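One letter stands for each residue in the lines below.
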Amino acid sequence: MSTIAPDIRVPSQPSGEAPKHHYLNHTKGVLSWLLTLDHKRIGLMYMVAVLAAFLIGGIFAVLLRLELFHPDPTFNSDPTKAWDLYNHFFTLHGAVMVFMFIIPAVPAILGNFVLPIMLGAKDVAFPRLNLASFWVYVLGGLFLLYVLFGGVLYIATYDEITGTGIRLPGGFGLDTGWTFYTPYSTSAGGTQSGVIAATMGVFILGFSSILTGLNFIATIHMLRPKGMTWFRLPLFLWALYSTSLIQVLATPVLAITLLLLLAERILRIGIFDPSIGGDPVLYQHFFWFYSHPAVYIMVLPALGVISELITTFSRRHIFGYHFIAISSVAIALLGFLVWGHHMFTSGQSALTNAIFSLITFSVAIPSAVKVFNWVATLWGGSIHLRTPMIYALCFIGLFVIGGLTGLHLGTLSTDIHLHDTYFVVAHFHYVMVGSSLFAFLGGMYYWFPKMFGKMYSERWGIVGAIITYVGFNLTFFVQFIAGAQGMPRRYASYPDGYTIYHQISTVGALVVSVGLFMILFNWLHGLIKGKPAPANPWGGNTLEWQTSSPPPHDNFATTPEVGDPYDMHEWEEDKRTGAWTKVPGKAAPAHAH
Amino acid sequence: MLSPHQLLAASHQGFFMPKQASSIAPHVDWLMWFINAVSIFFTVLIFGLVIYFAIRYRASRNPVPAPAGHNNMLEAVWTIIPSIIVLVIFFFGFRGYMEMSVQPVAAHQVRVIGFKWGWTFEYRHPVDGTPIKLDRLILPEGEPVQFIMESTDVIHSLFIPSMRMKKDVVPGRFNKFWVQPTRANEVNPYLLPTDEEKAAAWAAAYDVYCTEYCGTKHSKMLTKALVLPPDQYRAALIIEGNIFEKDGQPLPLEIVGETLYTRRGCNQCHSIDGKSGIGPTWKDLFGAQRQFTDGTSAVADENYIKESILYPGRKIVAPYGNVMASYLGQLNDREIGALIEYMKSVSAKHQTLGGPQSNAD
């Protein structure tokens, strides 16, 4: 608000002197948070909601890994009930993680918080729409969770003798997997099915995604300050812009598909169900037309975060800025043309398969070149191995493995063998979880001082990152081998020969859990007891580092100066306090080579 | 408890991929290893560079970073070389896929019917051409076999890992694929005398999985594929072709019914030991009073059972769901009669006078 006097110390806020007025204490009371129009507070509210969804999805990940520790039923002595329970577990895990965690994690939390500040703006273009998209997310999320959890509760409390269990009103649960494939989803469970309610939940969540995307596109177009040309836009914003394009263009297709599914279930119009004249493969086309681009909704913002982390902690201008910026948009657009590679075994024509395979490989190139650009940025840098940088380096490893195993699946003859096996499970966890999660965690550590004005523990940050990294690889690397050996996905039980892979994987999942809780405790500890953070703890030159930590309500006390976002040579570190200050006019270092 | 090594051997797992048992498998595996080699090369290269740079250019050793980098030559090289590599991979994948897609003109034909939760494989009798329906696959070594597949309910997917072959089984359309098995199983169960030995020989046959999620018992929709030399394949089909006789002697109908009970997948949902499954148990079902979801009831007699096999949705016993697919056109009257006799044999309420059992009393 303009009534606050500009704090002239802000641009060079020294360490230990937190600003008196900032967005966290700007107004008080619960309602000042729940109804806030401040993008920073909305970002933090998203953080609480999305991390809660992550916790729920994570608990069910561990439960399903425990069920798979042994081929025999674990959670119920009656095998039929144990298998039903497992089918509900993996559906809940997948749906919650995809729709409520990975899709919103980076854009809605980090994007909301950072985007306007990086841009030098006071807020997003439509603050009220931003608040609306948050509450739409909460509404859709609760809807979905209620239905899914209702099914788990019913089976878990089912009593053989009375023949019933605890049934929440309408909480019929869902066992279709997050993909809702027809005709299973249009026939399963009869009237006792959560398909209608769950699709409504996903439909509502989709609107939250569309509104956020629209808002970001409008903000980036309209609110750039003087001097912030497109090619001075930080790469994270290029990534968010590309992501927003996909959100706005692809999510409506999912909404239409889900509406058609409802129309078929309720009105019995034959669209996807062959028993009333529909075509089940049509559903797969519609679904993947959204869901493949959605993979890029999950991973593009992550790539953007990594570009920021690599350049800042290498103290070196990002290598190939233009290529990285344009490749984000290119990946977003090409991502719309490859959906058919999910359907190589569905019976679509050989020619269609060949075309989709070829286009799929075309997406590999910009992704690979991004990795080379990051490695080239490290070359000759002055590398500070702080926690966010550890995450960025781990990310490169996971993204390389996830990306290269995409070659096995994009290739026609090998995909026939690998399709719907654990090889696919491992591949998409490396890309969607390994890469997106590590980028999200790295981004959280990177902007943590800016968000809360406090520092976290560097030592525990690094330990947590390494434990999570080791656990993740333990969990998923063996799944490549299990999959190559033929282990099908979505199996509640399996032939004995696969036991060893499942046991290693389950142990890995427990290690990941330990790592993730260490990260959470490190954040909570930093929040409560952390040392005050300087305005610029890393020496980054993007605009968010040129305001105080935490920023004032209006983000900047004075209009920031826009320059090359990756020219960091004017920033100097005070070794004693860890704060970086800008020395205007400092000469660029002489060529070191 | 078997050691992991023994378990691997039992399920035909080889090193990294299952043992090869079809003409296409060597091609697929060769390409897998080619892509593995490319992947390992780039993984080692990038991991190596990242670790080397993180150490060599750490801030304490290299306090002054190099200026902004740009190198057109380097960028062109690292775009063009991966492009060529992926085009090569695409080409070999496409060529292998074409081999999988184009089947030889002459092939054995197996009709596949997928249902929740089992498989029916329909063969032609080698002598008289009548249909033979099995729940397991028998395949001739060295001869092409075409699968013509349909589903009676939801989407399933037939996957034979050792043959590197998989295709979705989609309701409302026929999906097809073909394989040429190349490695006969070592033991032919049809040449063995005892049931235990037969079962062990079948257990050693190739695994067949359902790989499209289809509900509660998706992970139990498993069967086996037995590969035999062509003459033994033919002999096995002739043996299987006549479920009403054994060694030229007619079998009692309840024994025939028991064969159908497992072979046609009834056992997936209906137990005979009184345990409740996806559907009601058959133990003591015949002659019992049945309570239906619409409030009516009836005594389970021959007509009721026949109706429930052919039109399963008409009368649903509480608290079960309407899950079963119709067997209309799948079972003939003689087979339904045999199934009814089998149900009688596991029902205490029904006692036939004059049968072998009453003679023994």
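Only a predicted model underlies this, so the values are computations on that prediction, with no experimental measurement involved.

S.K.: Just to check I follow, could you spell out the overall build of chain B for this structure?
M.R.: Helix and strand content of chain B: nine helices and 14 strands. For 361 residues, the compact-globule estimate of 2.2 N^0.38 gives 21 Å, and chain B exceeds it by more than 25% at 28 Å. Viewed in the frame of its principal axes, chain B has a C-alpha envelope of about 100 × 50 × 45 Å. For chain B, the computed accessible surface area is about 17300 Å², with 59% contributed by carbon and sulfur atoms. Positive and negative side-chain charges of chain B, numbering 33 and 33 respectively, have mean locations separated by a distance of 9 Å.

S.K.: Just to check I follow, could you spell out a nonpolar patch on the surface for this structure?
M.R.: Residues and elements named next belong to chain A. Together, Leu55, Ile59, Phe517, Leu520, Phe521, Leu524, Leu527 and Ile528 make up an exposed nonpolar region whose accessible area comes to about 730 Å². Mapped by element, the contributors of at least two residues to the nonpolar patch are helix H2 (39–67) and helix H15 (499–529). Among the elements that take part in the nonpolar patch, H15 stands out by supplying six residues, more than any other. The partly exposed category is assigned to Leu524, whose relative accessible area is 38%.

S.K.: What's the story with the pairing of strand S10 (residues 223–228) of chain B in this structure? I'm lost.
M.R.: The side chains of a regular strand alternate between both faces of the sheet. All names here are of chain B. With six of six residues buried, S10 is to be regarded as a mostly interior element. Side-chain alternation along S10 places Thr223, Ala225 and Val227 on one buried face and Lys224, Leu226 and Leu228 on a second face that is also buried. As defined by bridge partners, strand S4 (residues 137–140) adjoins S10 across four bridges and the pair is classed as parallel. Each bridged residue has a counterpart across the sheet, and for Leu137 the counterpart in S10 is Ala225. Relative to S10, strand S9 (residues 206–210) is paired through three bridges, and the arrangement is antiparallel. Its bridge partner lying in S10, Asp207 is registered against Lys224.

S.K.: I'm lost on the confidence of the model for chain A in this one. Help?
M.R.: When pLDDT is low, close inspection of the predicted coordinates is not appropriate. Confidence in the prediction for chain A averages 89 pLDDT; 95% of positions are at 70 or higher. Low confidence marks residues 1–12 of chain A, where pLDDT is under 50. Its contacts with residues over four positions away, or in another chain, come to 15 contacts.

S.K.: Where do I start with the pattern of salt bridges in this structure?
M.R.: Pairs can form between side chains of opposite charge whenever their charged atoms are close. All names here are of chain A. According to the stated counting rule, one finds 16 salt bridges over all chains in the structure shown. For Glu572, the salt bridge is made with Lys586, and the minimal N-O distance between the two is 3.5 Å. Within this pair, whereas Glu572 is found in strand S1 (residues 571–573), its partner Lys586 is found in the segment after strand S2 (580–582), the two being separated by 14 residues in sequence. A residue is classified by how much of its surface remains accessible, and Glu572, at 37% relative accessible area, is partly exposed. For Lys586, a relative accessible area of 30% translates into the label partly exposed.

S.K.: Sorry, what's going on with the sheet that holds S4 of chain B here?
M.R.: What holds strands together in a sheet is hydrogen bonding between their backbones, with the strands either parallel or antiparallel. All names here are of chain B. The five strands are arranged S4-S10-S9-S6-S7 in an open sheet whose pairing can be described as mixed. Edge positions in the open sheet fall to S4 and strand S7 (165–169), since each of these has one partner strand only. Recorded for the sheet is a direction-independent mean angle of 25 degrees between the axes of neighbouring strands. In this fold helix H5 (residues 230–241) packs onto S4 and S10, with an angle of close to 150 degrees to the strand it touches most, S4.

S.K.: Hey, could you run me through the nonpolar core in this one?
M.R.: Across soluble globular proteins, you tend to see nonpolar side chains buried next to one another. Counting 255 residues, the largest nonpolar core has Trp374 and Phe440 of chain A together with Tyr123 and Phe147 of chain B as the members making the most contacts within it. Looking at this core, the element that brings in the most residues is helix H3 (residues 79–119) of chain A, giving 26 residues. In terms of domain composition, this core takes at least three residues from each of domain 1 (25–101) and domain 2 (108–241) of chain B. With near-sequence residues (within four places) excluded, Phe147 of chain B lies in contact with Val110, Val112, Leu137, Leu139, Leu158, Ile160, Asn175, Lys176, Phe177 and Val179 of chain B. Among the nonpolar cores identified, the runner-up in size contains 27 residues, and Leu260, Tyr261, Cys266 and Phe286 of chain B belong to it.

S.K.: In this structure, what is going on with the domain arrangement of chain B? I would like to understand it.
M.R.: Interfaces are frequently sized by the accessible area removed from exposure as the parts join. Residues and elements named next belong to chain B. According to the domain assignment, chain B consists of domain 1 (25–101), domain 2 (108–241) and domain 3 (249–353). Inter-centroid distance (C-alpha atoms) of domain 2 to domain 3 is 25 Å. Each partner contributes residues to the interface: domain 2 has 15 residues there, and domain 3 has twelve residues. Both sides together, the interface formed by domain 2 and domain 3 hides about 1200 Å², and carbon and sulfur atoms give 46% of it. Its largest share of buried area at the contact with domain 3, domain 2 owes to Trp117, Lys133 and Lys217, together 42% of the area lost on that side. Counting every contact that joins domain 2 to domain 3 gives one salt bridge. With its nearest N and O atoms 2.0 Å apart, the salt bridge here joins Glu240 to Arg263. Put simply, domain 2 and domain 3 have four residue pairs in polar contact (both at pLDDT 80 or more) between them. Grouping the amino acids of the side of domain 2 that touches domain 3 by side-chain chemistry returns five nonpolar, three polar and seven charged.

S.K.: I tried to follow the environment of Ile276 of chain A on my own but got confused; where do I start?
M.R.: Residue and element names in this part refer to chain A. By the secondary structure assignment, Ile276 is in the loop between helix H7 (235–267) and helix H8 (280–314). With relative accessibility at 30%, the residue Ile276 sits in the partly exposed group. C-alpha separation for the pair Ile276 and Pro116, spaced 160 residues apart in sequence, amounts to 51 Å. If we skip the residues at most four places from it in the chain, Ile276 touches Glu264, Arg268, Ile269 and Gly270.

S.K.: Is there a simple way to explain helix H14 (residues 458–484) of chain A in this structure?
M.R.: In an α-helix there are 3.6 residues to a turn, and that puts residues three or four apart on one side. Compared with the 39 Å implied by 1.5 Å per residue over 27 residues, the 39 Å span of H14 of chain A between its first and last C-alpha is a close match. Following H14 of chain A by one or two positions, Gly486 of chain A adopts a phi angle in the positive range, close to 110 degrees.

S.K.: Explain the interface of chain B and chain A here, please?
M.R.: The partner chain A presents 86 residues to the 85 residues of chain B that form the contact. Summed over both sides, the interface between chain B and chain A buries roughly 7300 Å², with carbon and sulfur atoms accounting for 69% of that surface. For the chain B face of the interface with chain A, the top three residues by lost area are Trp78, Tyr97 and Tyr213 of chain B, together amounting to 10%. The interface formed by chain B and chain A includes one salt bridge. Salt-bridge contacts for Asp279 of chain A lead to Arg173 of chain B; the nearest nitrogen and oxygen are separated by 3.4 Å. The interface formed by chain B and chain A holds 27 residue pairs in polar contact (both at pLDDT 80 or more) in total. Within the residue set of the side of chain B that touches chain A, elements represented by two or more residues are helix H1 (4–10), helix H2 (25–56), helix H3 (72–101), S7 and S9 of chain B. Counting residues per element, the side of chain B that touches chain A draws most heavily on H3 of chain B, at 18 residues. For the side of chain B that touches chain A, the class distribution of residues is 50 nonpolar, 23 polar and twelve charged.

S.K.: Sorry, what's going on with H2 of chain A here?
M.R.: Between its first and last C-alpha atoms H2 of chain A spans 41 Å; for 29 residues at 1.5 Å apiece the expected length is 42 Å, and the two agree. The opening residue of H2 of chain A is Asp38 of chain A, an N-cap whose side-chain oxygen sits 2.9 Å from the backbone nitrogen of Lys40 of chain A.

S.K.: Sorry if this is basic, but what is going on with the sheet that holds strand S5 (residues 145–151) of chain B here?
M.R.: Residues and elements named next belong to chain B. Taking strand neighbours across the sheet as the criterion, the five strands line up as S3-S2-S1-S5-S8 in an open arrangement whose pairing is mixed. The sheet terminates laterally at strand S3 (131–134) and strand S8 (175–179), the two strands that pair on one side only. Each strand of the sheet is rotated relative to its neighbour by a mean of 25 degrees, with strand direction disregarded. Summarising the sheet, S5 and S8 pair through five bridges and their orientation is antiparallel. In the strand pairing of S8, Val145 is matched with Val179.

Criteria and cut-off values
Residues numbered from 1 in each chain as written. Chains lettered and ligands numbered in written order. Predicted model: local features only at pLDDT ≥ 70, side-chain atom pairs only at ≥ 80, totals over all residues. Heavy atoms only, no water. Helix = DSSP H or I, 4+ residues; strand = E, 2+ residues; numbered from the N terminus. Rg over C-alpha atoms; globule rule 2.2 N^0.38 Å. Areas by Shrake-Rupley, 256 points an atom, 1.4 Å probe, with all protein chains shown as cover. Lys, Arg positive; Asp, Glu negative; His and termini not counted. Charge placed at Lys NZ, Arg CZ, Asp CG, Glu CD. Patch = residues over 30% accessible without salt bridge, like charges linked within 9 Å, V, L, I, M, F, W, Y side chains within 5 Å. Salt bridge = Lys/Arg side-chain N within 4 Å of Asp/Glu carboxyl O. Buried < 20%, exposed > 50% of the residue type's maximum accessible area, 1.4 Å probe, protein only. Pairing = 2+ DSSP bridges. pLDDT = per-residue confidence, 0-100. Contact = heavy atoms within 4.5 Å. Axes fitted to C-alpha atoms, helices over the stretch in contact; angles between N-to-C directions. Core = buried A, V, L, I, M, F, W, Y, C linked by side-chain atoms within 4.5 Å. Domains from an automatic or database assignment. Buried area = accessible area lost by both parts, 1.4 Å probe. Polar contact = N/O pair within 3.5 Å; in protein donor to acceptor, adjacent residues only side chain to side chain. Nonpolar A, V, L, I, M, F, W, Y, C, P; charged D, E, K, R; others polar. Expected span 1.5 Å × (residues − 1).

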